[in-house]
Structure formats: structure tokens, C-alpha cells
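Descriptive structure summary
Residues per chain are reported as follows:
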Amino acid sequence: MNKSELIEGIATKAGVTRAVAATALDATLETITEALAAGDQIALVGFGTFKVSERAARTGKNPATGEALDIPASKVAKFTAGKALKDAVNK
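Rules and cut-offs
Residues numbered from 1 in each chain as written. Predicted model: local features only at pLDDT ≥ 70, side-chain atom pairs only at ≥ 80, totals over all residues. Heavy atoms only, no water. UniProt positions renumbered as here; feature names shortened; annotations may be inferred. Domains from an automatic or database assignment. Contact = heavy atoms within 4.5 Å. Buried area = accessible area lost by both parts, 1.4 Å probe. Salt bridge = Lys/Arg side-chain N within 4 Å of Asp/Glu carboxyl O. Polar contact = N/O pair within 3.5 Å; in protein donor to acceptor, adjacent residues only side chain to side chain.

As named in an unreviewed UniProt entry, the protein is HU family DNA-binding protein, taken from Roseateles chitinivorans. Quoted verbatim from the Sequence similarities (unreviewed entry) heading of the UniProt record, the comment on the protein is "Belongs to the bacterial histone-like protein family." As its UniProt record puts it under Function (unreviewed entry), the protein is described as follows: "Histone-like DNA-binding protein which is capable of wrapping DNA to stabilize it, and thus to prevent its denaturation under extreme environmental conditions."

Structure representation (C-alpha cells):
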């Protein structure tokens, strides 16, 4: 499913226009992004949790040359599925 298909699904289930659904989806994604950028965690009970995790610096290998290279530490967004979502997927 891509973004336009998701917007169509939201519009159909919520009984709103595609434009309203697109605005709502964009606002939701922007809010989640801003919260994660601020280091916050977003918990949607039953659906899952978005959080920021830290990756330590490490040494990697260039696959083309085999040369060792340093990979700097970074922050990554992670999503952990909640019980209701896990149950729905494994149904």
C-alpha cells in the first residue's frame, strides 16, 4: 500500500473527502516526525510505539574494496508493534 492508497482507505473508512484525509495524514506524520526529532516517544495503545534509539559508532567494511571504514554514531526511529496489531497480523 502506498500513500495515495492509504489516503483513499482513510477517506472511505472515515466518510470524508480524499483532501481531508490527505491533510489529516500529513498532519499526523508531521506531528510524529516532530515528536521523534525532539526525542519524545509516541505510544498508541494497541497499535504500537514510535521511539528514537541510538546506534553506537562502529567499524564497517566497504563491500567493493574490503577497506575498513568508520560509521559514526546516529539516532534512528524505531517502531514496536503493540499486541492488538501483532494479533491482527498473525490472525
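1. A short note on the domain arrangement of the protein
Domain parsing of the protein yields domain 1 (1-37) and domain 2 (38-90). Contacts between the two partners involve five residues from domain 1, matched on the other side by eight residues from domain 2. Looking at the side of domain 1 facing domain 2, the largest losses of area belong to I32, A35 and L36, adding up to 87% of the total buried there. Seen at the junction of domain 1 and domain 2, the total is zero salt bridges. In this assembly, domain 1 and domain 2 are joined by seven residue pairs in polar contact (both at pLDDT 80 or more).

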